[in-house]
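# Chain and residue survey
What follows is each chain in one-letter form.
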Amino acid sequence: MALSWPILVPRVPEVPLGEKRPVKPFFALLPTSQLALALGLWVFAVAGQELPAQEPPPSVALSAVRITPESAEVFRLDGFLTEAFWAEAQPITQFRQNEPAEGEPATEDTEVLVVYDDENLFVGVRALDSEPERVVSRILERDKIMQKDPFFGRPVFGGDDAIAILLDPFDDNRNAYVFATNPNGAEFDALLADEGKEFNADWRGVWEVAGTKTAEGWSAEFRIPLRTLRYPNDSERPWGFNVYRIIRRKNEKALWRAWSRDNGGFHRVSQAGDLEGIGGLPPTGRNLETKPYVLGGLEETRRDDGTLSRSSETSVGLDMKTEVRPGLVLDLTLNTDFAQVEVDDERVNLTRFSLFFPEKRDFFLENSGVFDFGVQGNPFEPPQFQMFFSRRIGIEEDEDEVVPIMGGGRLTGRLGGQTVGLLTVVTNEVKDIVPREVFSVARVKRDIGDNNYFGVMATDRRSSDGQNTVVGADGSFYLTPATNVQAWFAHTFTQGGGGDDLAYGVSGTWRSDLWEIFGRIIQVGPETEAKAGFIQRHDVRRSEIFARRSFRPGFLNIRRVDLWFGGNIFTSVDGTLEDWAGGPVLATQFESGAELNVFFQPGENRPDEDFDLADSLYVPVGEYDATVTMVMFSTNPSRPVVLRGNANASNFYGGTLRAVGGNVTVAPIPQVALSAGMDRSRVKLPSGEFTSNLINLRGTYSFSTRLSANLLVQYNSLDEVFSSNLRVNFIHRPGSDLFLVFTEERGVDDDLWKISDRASVVKLTYLKRF
């Protein structure tokens, strides 16, 4: 049984005095009722129009200083801020705590300065510290400084002292770039969309950073090409700007703006301050980028007769990117390849539904938030409905087959008051498996006020075997600064019999620092088909409600305790009860950052069809107690050794499930990160029993911020599969890579060490900007 947990929407609290752009009630800003009758025509008719400028309320600002080309030429990216032009810039210093003492001045001083020329934006940071020897800096690998919170989807820091910069060049109060680093100069970048509704940590920009420890703490210098930021031609307008610092040994989070717990947070782009003084920038032009690749590889695959077939491969391809107009980017890809992507994690399916594997391919991850429609998943369960799921393209899950991608295009960005997205990809046929197919997606989201939107979306998948089309509309509205309502509706159309039905969802959240109420209803019809998307289960109506009361006890080194209570009910569309679960969840966070969570949820499962659990044990139709008790913990993330673990005892389809899992991460020096994990599940049912063990070992060695090697070794006892994946990445210039990849899988006919397949690949990419 999947454990229930509230899927929460972004925090929408009150705006403190002095913060930027108060949220307006959505009902004062909605268009007329005729909009619902002519939605598509209206959206596209106004797509190219600029919204009237609104005068923002006064806010704290940082002034950027323009430097001469001669000063830029002598700039040395070393993290020390020794160039003379840094002395000309006025820093921002007024940082306040979000945690632990909300609104109080940060316990350590921070200075941030910004200068620029015609080509680059330079950001200098002095992170002063009264105990510089206690600054934590164990990360050297790229894209590890921050991560996406698995429940809320917001940016959170890893285990190091770090600084993150937010830039909103269009000052649209919704979308922003994020750049972060630590004292080692490790790189992290991401895109924020819709004030944190989507945090895309997989976006990769072209920029550079250097960090260093000093006698006063640590410092860093960012060099961000203006072409990476895609600014508006009206360059006299201020940019949205914010800074977020974590002092890891204290677990202290400090921000320049948006520090309030009730309504703030780094993801709240509308509450960022202003970056002023940036003017006279050159027009963006077409901003053309080309990125060709060349690839060579060898592969061995075991035939049905037991022998190994050997083959070689050489391939070339091209990715192109150009700015059609400021903020609107066209990406083209030809003969797309993803040889460098890490393999999927091994899993055991202990449900009666399909597993959901996340997307890892770069082309589909960039700007993926534009195409979000439906319900997002969480660590305990997959999404119930997603209109578009990019892993449907180029991967045939049922046959475990990679489908060649011939080419495609994507247009994403801003058009006036709209966020738009268009995607078309063509995949080649794989004989006797899939025909040639065309996947298409169209998306438009219209801004309403400062924080609300109304959108439409359509997906289409077609081939010689048939076609499937899904259309829908969605929206997110703030009724009050603390109350958010979201809704979506979709209709599916399939060529031939069946596949035409409805799906919808409505949710509402009221949230403050100490209280929260969340409710939601989702329905997916029995004939609903989204062949370019993901549907967990059909013929289902899900109703859920959760409430939270939080406490800050101030003793036993406890920072915060969240007490959740609620549950959900699953019925068929005609109202027949299928599953239910509910109960309390107690989540405790300690001052160090360690956490302890306890779950107790009585429940019941009522499968309406027989099925085989994990393809092993027969489960007949029936009514089964599904009470779950679970404990989860994690230790202080700033330590060189971090432990995470969980234990689960459940009543399970007329029997029992006993599961334990754990992971230990060791980072003795910045160059080395090691982790070992194991999940063991013991299932006993009336039809039989089995024990599954999943073991994984990960190792990373970072020779520098430009060169790293990653090794993943996995063992699945139930499938008797042993696999390894070694990836070496050398960034030979910003945006250009050399990849060396070796992948092997063993386990054939109960012989664990017999090779199933293996491959080695060398791939070289080269980014050229025109």
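The following paragraphs examine the structure supplied in this document.

### Comments concerning the overall build of the chain
- Each helix and strand counted, the chain has 4 helices and 49 strands in total.
- For the chain, whose C-alpha radius of gyration is 26 Å, the value lies close to the compact-globule estimate of 27 Å for 770 residues.
- For the C-alpha atoms alone, the extent of the chain along its principal axes is close to 75 × 60 × 60 Å.
- Residue burial in the chain is summarised as follows: out of 770 residues, 54% are buried.
- Sequence separation of at least 24 residues holds for 60% of the intrachain contacts in the chain that already meet a minimum separation of 6.
- Carbon and sulfur atoms form 56% of the exposed surface of the chain, whose accessible area is close to 32500 Å².

### A closer look at the pairing of strand β8 (residues 162–168)
- With 7 of its 7 residues buried, β8 lies for the most part within the structure.
- Residues of β8 alternate between two faces, with Ala162, Ala164, Leu166 and Asp168 on one and Ile163, Ile165 and Leu167 on the opposite face, all of them buried.
- Two strands pair when backbone bridges link them, and β8 and strand β14 (residues 239–247) are joined in this way by 7 bridges, in the antiparallel orientation. Bridging across to β14, leucine 166 finds its partner in asparagine 242.
- Inspection of the sheet shows β8 paired to strand β9 (residues 176–181) by 5 bridges, in the antiparallel sense. By the bridge assignment, leucine 167 is partnered in β9 with tyrosine 177.

### Here we look at a negative patch on the surface
- A surface patch of like charges, here negative, comprises Asp608, Glu609, Asp610, Asp612, Asp615, Asp719, Glu720, Asp749, Asp750 and Asp751.
- Mapping aspartate 750 onto the fold places it in the loop between β47 (736–748) and β48 (751–765).
- Here aspartate 750 falls in the exposed class, since its relative accessible area comes to 69%.

### Observations concerning the pattern of salt bridges
- Using the criterion set out here, one finds 59 salt bridges in the structure.
- Linking aspartate 513 and arginine 261 is a salt bridge whose minimum nitrogen-to-oxygen distance equals 3.7 Å. Pair noted here: aspartate 513 is in the loop between β29 (501–511) and β30 (515–524) and arginine 261 is in the loop between β15 (252–255) and β16 (273–276), with a separation of 252 residues, a long-range link.
- Overall, aspartate 513 belongs to the buried group, its relative accessible area being 9%.
- Measuring nitrogen to oxygen at the nearest pair gives 3.0 Å for the salt bridge that ties glutamate 342 to arginine 698. Of this pair, glutamate 342 sits in the loop between β19 (328–336) and α4 (362–365) while arginine 698 is found in strand β44 (residues 688–702), placing the two residues 356 residues apart along the sequence.
- On the accessibility criterion, arginine 698 (29% relative accessible area) is partly exposed.
- A single network of salt bridges, built from pairs that share partners, joins Glu99, Glu102, Arg261, Asp513, Arg552, Arg560 and Asp562.

### Here we look at the side chain of asparagine 452
- In this structure, asparagine 452 sits in strand β26 (residues 452–463).
- Here tyrosine 478 takes part through its backbone nitrogen, which lies 2.7 Å from a polar atom of the side chain of asparagine 452.

### Quick notes on the sheet that holds strand β4 (residues 110–116)
- On the basis of which strands lie adjacent, the open sheet formed by 5 strands has the order β2-β4-β5-β13-β12 and mixed pairing. Of all strands in the sheet, those bounded by a partner on one side alone are β2 (65–66) and β12 (208–214).
- Where strand β5 (residues 120–128) and strand β13 (residues 217–225) come together, 9 bridges link them in antiparallel fashion. Paired with arginine 126 across the two strands is serine 219, which belongs to β13.

### Focus on the environment of tryptophan 515
- Looking at where tryptophan 515 falls in the secondary structure, it is placed in strand β30.
- By relative accessible area, which is 45% here, tryptophan 515 ends up partly exposed.
- For tryptophan 515 and isoleucine 92, which are 423 residues apart along the polypeptide, the C-alpha to C-alpha distance reads 33 Å.
- Excluding its chain neighbours within four sequence positions, the residues that come into contact with tryptophan 515 are Trp510, Arg548 and Arg549.

The rules behind these values
Residues numbered from 1 in each chain as written. Predicted model: local features only at pLDDT ≥ 70, side-chain atom pairs only at ≥ 80, totals over all residues. Heavy atoms only, no water. Helix = DSSP H or I, 4+ residues; strand = E, 2+ residues; numbered from the N terminus. Rg over C-alpha atoms; globule rule 2.2 N^0.38 Å. Buried < 20%, exposed > 50% of the residue type's maximum accessible area, 1.4 Å probe, protein only. Contact = heavy atoms within 4.5 Å. Areas by Shrake-Rupley, 256 points an atom, 1.4 Å probe, with all protein chains shown as cover. Pairing = 2+ DSSP bridges. Patch = residues over 30% accessible without salt bridge, like charges linked within 9 Å, V, L, I, M, F, W, Y side chains within 5 Å. Salt bridge = Lys/Arg side-chain N within 4 Å of Asp/Glu carboxyl O. Lys, Arg positive; Asp, Glu negative; His and termini not counted. Charge placed at Lys NZ, Arg CZ, Asp CG, Glu CD. Polar contact = N/O pair within 3.5 Å; in protein donor to acceptor, adjacent residues only side chain to side chain.

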